[in-house]
Amino acid sequence: MTTGSLLAADLVIAVLAAAAWLGGGAASAARRRPLALGLAAVALLATLARAVTITALARAGWWFAAEKVLIAAPLSLAAVGVAGPRLLRARGDIRAAAVALLFAGYATSSALLVTVLHGYPASAGAGLLAISGVVAATVVSGRALGAHPSRLVSRGAVVVTVAALVTGTGLTVGPGAAPAVPHDHGYPAVGIADEPDRRYTLTAGTATVNADGRNVAAWAFNAQVPGPELTATVGDILEVTLRNRDIGRGVTLHWHGYDVPNDQDGVPGVTQAAVRPGQEFVYRFRADQAGTYWYHTHSASDVGVRMGLYGVLVVRPGPVSGVDVTVPVHTLAGRPLPAPRVEQVETGTPVRLRLINTDSTTHRYALAGTAFRVAAIDGVDLRGPTPLVDTAVLIPAGGRYDLVFDAPATPVALFVDGRSVYSTGPVSTATGGWPVLDPLGYGTTAPVPWSRFDTTFTLVLDRGLDLRRLLPRYAHTVNGAADPDIPPQVVRRGDVVRFTIVNRSQVVHPWHLHGHHVLVLARDGEPATGSPLWLDSFDVRPGEVWKVAFRADNPGMWANHCHNLAHADAGMTLHLMYS
Ligand SMILES: [Cu+2]
């Protein structure tokens, strides 16, 4: 069983236990003896089963089980300890066990709420809040059912509740008072003074475009989705003028995967101010990394990119030889955008397909009709890539894979999630059952260039209630906090930095650090064995633990976020900061 399915199973069992205890309490209050006993038996079994799932999760990593061991387990023990003996003694009137069963229900429910609303890290505050809720609910239920606890017990309960509530609230809010990212610099325009080799102008505006045969409203660069393809040769100085015609939410250009100087990174409120309607901003940087990249707005990025404010950036080492095409995949208004149609290619011609996933979720790509190699991932060439046949690749949100092959005499076709997007003729192959390439074991290995790390960080990805804004929201969190309250990761220039990313949520988080490529060291404790993988976008699936490293060689303030842009918008964004 994977850690991801263990997390899901534990959640289901916890819900079952809480519901059965509460149901048993209600049934016994209504003097429905067989039902009450049946539900109590289910509750007991589910509570015991949780001992197994919590132990297994703790063995997979403390991040997955902390609050379950420290808060849920003691509360569950108390539930069994109080409800069990009371049930055994309730031979005559089952109603006598009602308060005890309800207490067990409140205890397991509040432990469940700690996991669902608070998560990692476990805090004394969350534990105390949970206890105070249980005590208060039990006292209220007892009164309602006519149970008359002694004056001492009642006073004790009130004291525990008030004390737990006061300390709990303080402790919960306290650690969140983290230093927020300073958002008030003057944005010095440094850039490069040299004369540019390539000049482009991108004008952002609302537009109507054709998506899969239907006209839909879009936000577009130069009235097209995707925007114009920007190309350069290594060494070129690229100058891109961004103008905003009428996008009220503002626009910037972020060069996804391109490790530009910080002031060219296009993150509003961090490296520049958003470009408002009628304004412009000039980006200028040297194209010194060959590879497949893309650009997109980082202002209101979730809606902005989804509506079409993106395009391709390709930097080639020299003149194009053979067929070299980009295949950006995007879903606009729920419809896949068509990929460029391809003419018949002469047999033996070298072909490079630059696959780019510009959506917020993973896509599955399958190239049928030829053997191929994955020449590069996220713009960086792989070492010793071997030929693959009938193998699919998964590309995370924001990720790029370059597939290369020599054109065979027979047609080839590229399928994305089972749909043909590129073909040189009819190919009828069922690709759904193909195995998926694991890039961590593909190509020729090379030693990790560092033997020690100067700084280490751990990011635990989860969901939780965020109460630090006027409207409470169910945020996507990092270490229990949501943007802008996640403390920045502070590094010194030259540091070798290692960070561990743990996903204890139920959904995939495609992680994306700006300004740096990270070298993958290990996933779930298994070291990477293939070609060195320098990534800027990688899927951390539920229950996975990734270890990656990079050298801090690009000073500035960098966004470090989930590239499911709806998640980033809902709190899952922090910053890497040079001291
Ligand atoms: Cu995410």
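Our structure's up above, just so we're on the same page.
Sequence positions are assigned chain by chain, starting from 1 and proceeding in written order. It should be noted that, the model being predicted, local features are given only for residues of pLDDT at least 70 and side-chain atom pairs only at 80 or more, the latter also being counted only at that level, while totals for whole chains, interfaces and linings use all residues. Hydrogen atoms and water are omitted, and side-chain values are computed over all heavy atoms in the structure.

A. Up close: the overall build of the protein. Per the convention used, a helix needs a DSSP run of H or I reaching at least four residues, while a strand needs a run of E reaching at least two, with both numbered from the N terminus. In terms of helices and strands, the protein carries eight helices and 31 strands. Taken along its principal axes, the extent of the C-alpha atoms in the protein is 90 × 55 × 55 Å. A total of 579 residues make up the protein; the buried ones form 53% of that total. Areas reported here follow the Shrake-Rupley algorithm with a probe of radius 1.4 Å; residue values treat only the protein chains shown as occluding. Only carbon and sulfur atoms are counted for the fraction: they give 60% of the accessible area of the protein, which is about 24100 Å². By the counting rule applied here, Lys and Arg register as positive and Asp and Glu as negative, while His and the ends of each chain are not counted. To locate a charge, take atom NZ for lysine, CZ for arginine, CG for aspartate or CD for glutamate. Separation of charge centres in the protein, based on 46 positive and 42 negative side chains, amounts to 15 Å. Only protein chains enter the accessibility calculation, which uses a 1.4 Å probe; a residue is then buried when its area is under 20% of its type maximum, exposed when over 50%, and partly exposed in between.

B. Structural context of the sheet that holds strand β2 (residues 214-221). Here, any two strands with at least 2 DSSP bridges between them count as paired. The four strands are arranged β2-β1-β4-β6 in an open sheet whose pairing can be described as mixed. Two strands close off the open sheet at either side, each with one partner strand: β2 and β6 (280-286). Taken pair by pair, the neighbouring strands of this sheet meet at an average axis angle of 25°, ignoring direction. Here the axes come from fitting lines to C-alpha atoms, over the contacting stretch only for helices, and the angles between their N-to-C directions go from 0 to 180 degrees.

C. Inspection of the pairing of strand β25 (residues 518-523) at higher detail. Most of β25 sits out of view: six of its six residues are buried. Bridge analysis of β25 against strand β27 (residues 534-535) gives two bridges, and the strand direction is antiparallel. For Leu519, the partnering residue across the bridge sits in β27 and is Trp534. Pairing of β25 with strand β29 (residues 545-551), which is carried by four bridges, proceeds in the antiparallel orientation.

D. Expanded view of the coordination of the copper ion. Surrounding the copper ion are the protein donor atoms His509 (ND1), Cys562 (SG) and His567 (ND1), at 1.9 to 2.1 Å. Taken in sequence order, the residues that donate to the copper ion follow the motif H-x52-C-x4-H. Taken together, the residues His509 in strand β24 (residues 509-513) and Cys562 in strand β30 (residues 557-562) connect sequence positions 53 residues apart. Per residue, the accessibility class of His509 equals that of Cys562, and both read buried. The rule for donors is simple: N, O or S, within 2.8 Å of the metal, or within 3.2 Å if the metal is Na, K or Ca. Water isn't counted, so a site may look like it is missing partners.

E. Expanded view of a nonpolar patch on the surface. Residues forming no salt bridge and having over 30% relative accessible area are the ones grouped into patches, like charges within 9 Å of each other and nonpolar side chains (Val, Leu, Ile, Met, Phe, Trp, Tyr) within 5 Å. The working definition used for a salt bridge is a side-chain nitrogen of Lys or Arg within 4 Å of a carboxyl oxygen of Asp or Glu. Taken together, the side chains of Leu113, Leu117, Leu465, Leu467 and Tyr474 present a nonpolar region at the surface, about 450 Å² in accessible area. Within the element layout of this structure, Leu113 appears in helix α4 (residues 98-118).

F. Summary view of the pattern of salt bridges. Evaluated as defined, the whole model comprises 23 salt bridges. In this structure, the salt-bridge partner of Arg504 is Glu67, at a minimum N-O distance of 2.9 Å. Linking Arg504 in the loop between β23 (496-503) and β24 with Glu67 in helix α3 (residues 62-89), this pair joins segments that are 437 residues apart in sequence. The class of Arg504 is buried, set by a relative accessible area of 5%. Between Asp236 and Arg198 there is a salt bridge, with its nearest N and O atoms 3.1 Å apart. Taken together, the positions of Asp236 in the loop between β3 (230-233) and β4 (237-244) and Arg198 in strand β1 (residues 198-211) put the pair 38 residues apart, joining distant regions of the chain. Residue Arg198 is classed as partly exposed on the basis of its relative accessible area, which comes to 27%. Salt bridges here are not isolated pairs; linked through shared partners, they connect Arg316, Asp324, Arg352, Arg354 and Asp402.

G. Summary view of the environment of Val42. Examined against the element boundaries, Val42 turns out to sit in helix α2 (residues 33-60). The spatial distance from the C-alpha of Val42 to the C-alpha of Gly24 is 9.3 Å, given a sequence separation of 18 residues. For this analysis, residues touch if any pair of their heavy atoms sits within 4.5 Å. When neighbours within four sequence positions are excluded, Val42 is seen to be in contact with Leu16 and Ala20.

H. Molecular detail of the pairing of β24. Extensive coverage of β24 is indicated by the burial of five of its five residues. Both faces of β24 are covered, namely the face carrying His509, Trp511 and Leu513 and the face carrying Pro510 and His512. When β24 meets strand β28 (residues 538-540), the two strands line up antiparallel, connected through three bridges. What sits directly across from His509, in β28, is Val540. Across three bridges, the pairing between β24 and β30 is antiparallel. Counterpart to Trp511 in the pairing with β30 is Cys562.

I. Examining the sheet that holds strand β31 (residues 573-578) more closely. Pairing is mixed in the open sheet, where five strands are placed in the order β22-β31-β30-β24-β28. Since the sheet does not close on itself, it has two edges, and those belong to β22 (489-491) and β28, each with one partner. Strand-to-strand twist across the sheet, computed as the mean angle between neighbouring axes with direction ignored, equals 25°.

J. Here's a closer look at the nonpolar core. Within this scheme, the nonpolar core is defined by two criteria: the residues are buried Ala, Val, Leu, Ile, Met, Phe, Trp, Tyr or Cys, and they are joined through side-chain atoms within 4.5 Å. Counting 58 residues, the largest nonpolar core has Val374, Phe499, Trp511 and Phe538 as the members making the most contacts within it. Filtering out sequence-adjacent residues up to four positions away, Val374 remains in contact with Leu382, Pro385, Leu388, Val393, Tyr401, Asp402, Leu403, Leu437 and Tyr442. Ranked by size, the runner-up nonpolar core spans 25 residues in total, among them Ala204, Trp219, Val251 and Ala287.

K. Layout of α3. If you check α3, its first and last C-alpha atoms are 38 Å apart, about what 28 residues at 1.5 Å a residue would give, namely 40 Å. Note that bend, as reported per residue, equals the angle between axes fitted to the 7 residues terminating at that residue and the 7 residues originating from it. Taken as a whole, α3 carries its principal kink of about 40° at Val69. Within α3, the full set of buried residues consists of Phe64, Ala65, Ala66, Glu67, Lys68, Ile71, Ala72, Leu75, Ser76, Ala79, Ala83 and Leu87. On its buried side, α3 packs onto α1 (3-29), α2, α4, α5 (124-144), β23 and β29. Here, expected helix span is obtained from the residue count minus one, scaled by 1.5 Å.

L. Spatial organisation of α4. For α4, with 21 residues, the first-to-last C-alpha span of 29 Å sits near the 30 Å given by 1.5 Å per residue. Taken across its 21 residues, α4 has 15 buried, putting it largely inside the fold. Looking one or two places after α4, you find Gly119, whose phi comes out positive at around 70°.

M. Representation of the packing of α1 against α3 within the structure. Following both chains from N to C, one finds α1 and α3 inclined at 25°, their axes separated by 13 Å at the closest point. Comparing the axis directions of α1 and α3 gives the class roughly parallel. Along this stretch, α1 crosses α3, giving a crossing that reads as left-handed. Across from Thr3, Leu7, Asp10 and Trp21 in α1, the residues of α3 making contact are Phe64, Lys68, Ala79, Val80 and Ala83. Throughout, the term roughly parallel applies to angles under 35 degrees, roughly antiparallel to angles over 145, roughly perpendicular to angles from 65 to 115, and oblique to all others. Note on convention: near helix rotated counterclockwise from far helix by under a right angle means a left-handed crossing. Clockwise means right-handed.

N. The arrangement of the packing of aromatic side chains in detail. For Phe, Tyr and Trp, where Trp contributes only its six-membered ring, two rings pair if their centres lie within 6.5 Å, and the inter-plane angle classes them as stacked under 30 degrees, edge-to-face over 60, or tilted in between. Tallied over the full model, the rule gives twelve aromatic pairs. Consider the rings of Tyr258 and Tyr293, whose centres lie 4.7 Å apart with planes at 85°: the pair is edge-to-face. Residue Tyr258 is found in the loop between β5 (254-256) and β6, and its partner Tyr293 is found in strand β7 (residues 291-296); the two are separated by 35 residues along the sequence. As far as the burial class goes, Tyr258 and Tyr293 line up, both buried. Look at Phe281 and Tyr283: their rings are 4.6 Å apart centre to centre, the planes differ by 50°, and that puts the pair in the tilted class. Overall, the relative accessible area of 0% leaves Tyr283 in the buried class. Cluster of aromatic residues (ring-pair linked, three or more members): Phe221, Trp255, Tyr258, Phe281, Tyr283, Phe285, Tyr293 and Tyr295.

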